[in-house]
Structures are given as structure tokens and as C-alpha cells.
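Listed below, chain by chain, are the residues.
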Amino acid sequence: MAYARRTRPSTTLESGDRVAAKETKERLHLLEDRDHDLQLEKVVGHVLRYGSLVSVTIVVVGIAMMAWSALFRSQGLPAVPTAGYAAPFRSPAGLLADLRAGDPSAMISIGLMVLIATPVIRVASTVVYFLLHRDKPYLAITSFVLLVLIAGFLVGSEG
Amino acid sequence: MTDPTHFLFATFAVSVLAGVLGSLLGLGGGIIVIPALTLLFGVDIRYAIGASIVSVIATSSGATVSHLKESIANLRVGMLLETATTTGAVGGAMLGAFVTGSILYLIFAAVLAYSAVAMFHRRNADNTPNLANDRWSRRLKLRGQFLDRANGRVLRYGVVGVPAAMALMWIAGVVSGLLGVGSGTLKVPAMDLAMRLPMKVSTATSNFMIGVTAAAGAAVHFAHGDIVPLVAAPVALGVLVGASGGARLLGRVQSHSVRLLFVLVLVVISVQMAARGLGLTA
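No experiment lies behind these values; they were computed from the predicted model shown.

Draft legend 1. Focus on the confidence of the model for chain B. In this model, chain B carries an average pLDDT of 87, and 96% of its residues clear a pLDDT of 70 or more. Scoring the predicted complex yields pTM 0.87 and, for the interface, ipTM 0.90.

Draft legend 2. Molecular detail of unusual backbone geometry. Residue and element names in this part refer to chain B. With a phi angle near 55 degrees, Ser71 is a residue other than glycine that sits in the positive phi range. Structurally, the position occupied by Ser71 is in the loop between helix H3 (45-69) and helix H4 (75-95). Of note, the phi angle at Arg196 is positive, near 55 degrees, even though the residue is not glycine. Its 20 C-beta neighbours within 10 Å are what place Arg196 among the buried residues.

Draft legend 3. Quick look at the nonpolar core. If you look at the biggest cluster of nonpolar residues, it comprises 124 residues, and the most contacted ones within it are Val54, Ile57, Ala232 and Ala236 of chain B. Sorting elements by how many residues they give to this core places helix H9 (residues 199-223) of chain B first, with 13 residues. Dropping the residues within four chain positions of it, Ile57 of chain B is found in contact with Leu115, Ile116 and Pro119 of chain A together with Gly211, Ala214, Ala215 and Ala218 of chain B.

Draft legend 4. Inspection of the pairing of strand S2 (residues 153-157) of chain B at higher detail. All names here are of chain B. Sheet analysis places strand S1 (residues 144-148) next to S2, joined by five bridges and oriented antiparallel. Each residue of the ladder has a partner; that of Gly144, found in S2, is Tyr157. Between S1 and S2, which pair antiparallel and follow one another directly, the connecting turn spans four residues, one of which, Gly152, has a positive phi of 70 degrees.

Draft legend 5. Region of interest: the environment of Val267 of chain B. Take Val267 of chain B: it is sitting in helix H11 (residues 255-277). Taking C-alpha positions, Val267 of chain B is 27 Å from Val241 of chain B, a pair spaced 26 residues apart along the chain.

Rules used in this analysis
Residues numbered from 1 in each chain as written. Chains lettered and ligands numbered in written order. Predicted model: local features only at pLDDT ≥ 70, side-chain atom pairs only at ≥ 80, totals over all residues. pLDDT = per-residue confidence, 0-100. Helix = DSSP H or I, 4+ residues; strand = E, 2+ residues; numbered from the N terminus. Buried ≥ 20, exposed ≤ 12 C-beta atoms within 10 Å, placed from the backbone. Core = buried A, V, L, I, M, F, W, Y, C linked by C-beta atoms within 7 Å. Contact = placed C-beta atoms within 7 Å. Pairing = 2+ DSSP bridges.

Rendered as C-alpha cells:
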């Protein structure tokens, strides 16, 4: 409560000659911007929260599958990849085939793919946000970042 | 031979710690995850780097969800600077084949040492935030405000030095593309020294950005099989738990404590990188 009393004067608009008209206008402008950005923060927050939740759920299911087959089918856990371990190359198609065969590692990989895709989806959602709000400078900025990310993914999956 | 069950639980615990530190300081957690995996469990460096990329993205998503509740991160600053970090990261990854590592590690070490000293000098700046805005900041509405819960004050701040910060962010992107390190270690000093943002805003905004920079290079590692499920799964889960907890801590901790901890970490990484550049460690 003491804290509310201390902060209120600095956040509300002061009237009278003490505050120059220019500064009042500036503060109003700032408050408007804040409302604007609160909406943006909500959109970004939702994308990141649900992206992480979906990814965690899939990874946990994968680990449970791994534990299940280790405990009841005596398959054992995969080995820890120490020096010299060669990871198998995995194409998206191969991953789906492994998943259908009930491979826990494939399930975990799907969860990790969702985790990696989440920031990209976040950027895409800001593009849509600024398109709807007709904010040209930020539409240009976020679209550019999305294009660079897509280019990176294309170059990456070729290399 | 490491026992896989023991490995899963130990990696999870280490990753929680990495998430807490990373979300507090705007770092990806690679500085904890990579040495822990390679030195404690003998994981091949290739798969440790793959796991650290997962760690960076998990820190970014987990921490930003919490930071947004308190509006600490400046999304506009972050989105603008991402144009520089992503192009730098993609460029760095392409340059990687032509540049040798050792001299880069030494340059990186020197830059970090300089940043540590410069950031330490600004240790009293957190009491009086910069209120000025440059042309870019006015045009792109970069200034911001947040409630600093450590002292109950609403902190208003302006943003200056946008062109310089863009250049530094591009270099930070190139370095992280080339070396696979330095996701946040260069971003936070650039925002602090060039843009003169409050310390908490710098670390929270860095956390917001690092996920995107890491995602730019993640496809390459994924396709090459560097992201091994047994290693990356406990890292992802642990870091997400740690980062959402650590991010809540950021609001309450005093700004200068965050700064001093960051400077300390910079010194440690600077020494690590110098040792690697001189060929003393792998």
C-alpha cells in the first residue's frame, strides 16, 4: 500500500502551471503508446506461452515413452552421446515414419522442433499484428526479420 | 560410460540453474550447459552445442513470458535490433568456413573484457536513467517505462545511439554465427553502452531477442543431427522451468546487483575465451 502511494503521483497527469503544456502532451502520448504496446505484449506472450507448453507436453510424453520401454520392454535408454558418437541424419519424412513406429526419440524431436519454431511463429505473429494496426515502419522491420529467418532455414536445410 | 538415467536427472538439474542465470542476465545459458555436458558427462562438443541452442531458445521463450507480465522487455527495441542480429547470424554462419577460430576467440575475449570494465563504470547510472531520445528513437517510438519492483518506482527512459547499437548488434550476430557463443554476452553490453537503457531493460530485451537469433541457425544443427533427443530433452525442460522462475526474480532484484553479476560473468567468459584462443583448452 505504501508503494501505491509513492508511485501514484508520477503516473497520473498533473494539472496546473507547474507542468508545461508540452510535457503533458508528451505524457499523454506516452500513455497512448503504452496501451498500444500492452496489446502487442499480450499477443507475443500468448504465442510464446502456448508454444512452450505444447513443446514441453510433447517432450514429456516422449520421455515417458522412453521410460516405459526401458522399464517394461527392457529396451534400455539410448546411450549418452560421448566423443565419437555419430548421430543419425533425420529427414522430416523419416521422423514421421519413426514416430508412427512408436520411437520415443522421434516424439521428443517433434517437441524440440516445436520449441525451435516458436520464436519464428512469434515473429510471424508480430508481422500480422503490425499489418492489422497499419504500422508501416514496424511492418517492414518484422517482415524483414521473418524473411531472413526463412532464408536461414532454407540455406540450413540444404547445407 | 555414463548411466543414462543418472545423466537425465543431472542434466535437468544443471539446466534449471542455467535457466535461472540466463533469464536474469539475458544470456542463453550456453556458458553453463556446454561446460557441464562436456566436462561432467563427456558429451561430444557437437551435441553439447546442439543442446545449447535448444537452451537459448528455451531461455528466451520461458523468460519473455514472465518479463512481459511486468513489461520490462522493450519489444520495439528488440524487434528493431533483430534485423541486425539475424542478418549477422546468417552471414556469420556462411563466413564460418573461411575464418579460423583462434584469433576470433582472442578478439572476442578482448571485447568482453572491455565491456566488463565499461559496464562496471556505469554502475551508478541505474539511479538516473537517460531520458533523451535520438532521431531514430522518436521516429520508431522506442522510449519506454516499467515499474521497478525492487524499489517500487516507475522508471521512464529514453533511447539514444540507435545506429551504433545496430552496428554492434550486427557484429554480435556475426560472432554468434561464427563461434556459436555470445548470444547475450555482446547484446547486453551493446544496449547498455550504446543505447544507455536501464540494466533490467537490457537483459530482458536481450532475452526476448536471443530466441530468434538462435532459431536462425537451429535448422542447420537440426538437419545435421546435432540436437540429440536424450541430451536436448532434459536441457529444454530444465531451462524452461529455471527461466520462468529466474525471470520473476529479475523484477525484485536490485538493478546494480544484476549489473555486478553480469560483469562477473563477462570476466569469467572472457578468461574462458582467451584460454581457448591461446589453445590452452578445447
